[in-house]
Amino acid sequence: MSSWATMIDKLTHKHDVLFVSAVGNITRLSIQASLRSGVGYPMYLENKLCRIANPSQSSFSISVGSIDHVRFEYIDWQALAEQNAVSGFSRIGPGMWGQVKPDLVEYGGGIVVSRDGSFRIATNDQTAIELVHSTLHGGNAIGKFEVGTSFSTPKVTHIAAVLKGIYPNEGVNLIRALLVQGARLPGNFFNKPTYLSLRHLGYGHPSLERVIKNSDYRVTFYNTDNIKAGQAHLYTMSIPSSLTDPGEEYDVLIEVTLAYTARVRRTRQKIKSYLATWLDWTSSKLNETFEEFSERALKPEDPDSVRRPSVDPGDTIQWKIRETSDRGDVKGMNRNQGSLQKDWVILKSHQLPEQLSFAVRGHKGWDQNFEEIPYAITVSIEILGSEIPIYEDIKIANQVEIGIENEIEV
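Residues numbered from 1 in each chain as written. Predicted model: local features only at pLDDT ≥ 70, side-chain atom pairs only at ≥ 80, totals over all residues. Heavy atoms only, no water.

Draft legend 1. The arrangement of the sheet that holds strand E1 (residues 20-22) in detail. Pairing is parallel in the open sheet, where three strands are placed in the order E1-E2-E4. Of all the strands in the sheet, just E1 and strand E4 (104-107) have a single pairing partner and so form its edges. This sheet shows a mean twist of 40° between the axes of neighbouring strands, independent of strand direction. Helix H3 (residues 149-166) contacts E1, strand E2 (62-67) and E4 of the sheet and is inclined by roughly 125° relative to E2. (Pairing = 2+ DSSP bridges. Helix = DSSP H or I, 4+ residues; strand = E, 2+ residues; numbered from the N terminus. Axes fitted to C-alpha atoms, helices over the stretch in contact; angles between N-to-C directions. Contact = heavy atoms within 4.5 Å.)

Here it is as structure tokens:
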């Protein structure tokens, strides 16, 4: 980890502040050189020089890339990227030690390439985004004249500022969690994410609407707390019978995000030794009671060394990214590698259990004193493709909050 990125992580944890950083831009000369050498878009993004720029690899900042907002094609020019694909100039991940980076993407404009074989790179008023402009020396106050991750990043900062206004007494981890909780990968990547899609797009495009209020068809729970290595915090929610009626069949989206910060040491070579304490989350199985889940979740184990069966039990929830790099849709990446851990699953309504439980678990890094660290966890349930109201039923079923804190030996 670079000294600059480490300092951002230290300041974030110590002062409870949020940094939102651009992943950086690839120069037009570099893009042109790649195209002229026969390496087209998006293949040239695989060049190591196109990895996210310092200090956006910091673990606790929100790093933001750019995606194109339109598809452009004309007689002499065409856009490098399709609509909602990573912009041709935007650097990509993964982050340090396999962390999901960028965290989010926003519309930062797109670049076009000439079709005459010279591979000239340019922008135009169709692919550039609308920006404010100084009128000191004349000209319009608003124009479309530039592109870059420097313009996608403030859009995410705006959402963070709105969230801080809604939750003024909450810490930075809830803001981080909600930013990612409301994000969604574009197109088919939402249903079938890939290693490459996470490297290009992170957790996707954020939505303020999805996280500032519940609706009849989407409900979000959150909690913030402090935890130390050797502890586990358990949560459970009741699923009303109206959602699990075997006579009905519709898609139910469940999203979970965990965000935390801790003290860091730059000299360490892995994420779990860079952090004084690190956290992960796990969920109950589809046919598992809260008591059974509690016993399993609190069982001491080292996630790095436990030998897991080659095949999941049939009642295991098939989260998209999963807690190990050989499970889920995204092979080669796992959610536990970062301090911002999102995962999601789409279940049929009749698959839903009567109870859905989660555990946030603390694990020892380099800290010998077992100091508490802050975290936030968010859980959303949403009906997809059907107008089935769920808010009131879920609210009634969960009037009584259940939270249990336990110690586990490590």
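Draft legend 2. Layout of the pattern of salt bridges. Across all of its chains, the model carries 23 salt bridges by this definition. Here Arg 120 ties to Asp 116 by a salt bridge, and the two come within 2.8 Å at their closest N and O atoms. By relative accessible area, which is 39% here, Arg 120 ends up partly exposed. A salt bridge links Lys 213 to Glu 209, with the nearest nitrogen and oxygen atoms 3.4 Å apart. One network of salt bridges, in which partners are shared, links Arg 184, Arg 218, Glu 255, Lys 342 and Glu 382. (Salt bridge = Lys/Arg side-chain N within 4 Å of Asp/Glu carboxyl O. Buried < 20%, exposed > 50% of the residue type's maximum accessible area, 1.4 Å probe, protein only.)

Draft legend 3. Region of the structure containing the packing of H3 against helix H4 (residues 172-181). Running from N to C, H3 and H4 cross one another at 125°; their axes reach a closest spacing of 10 Å. Here H3 is positioned oblique relative to H4, judged by the angle of their axes. In this structure, H3 crosses over H4, and the sense of that crossing is right-handed. Residues Val 156, Ile 159, Ala 160, Leu 163 and Lys 164 of H3 touch H4, and the partners they reach there are Ile 175, Leu 178 and Leu 179. Across the contact of H3 with H4, the residue classes tally to seven nonpolar, no polar and one charged. (Parallel < 35°, antiparallel > 145°, perpendicular 65-115°, else oblique. Left-handed = near helix turned anticlockwise from the far one by under 90°. Nonpolar A, V, L, I, M, F, W, Y, C, P; charged D, E, K, R; others polar.)

These figures capture arrangement, not role.
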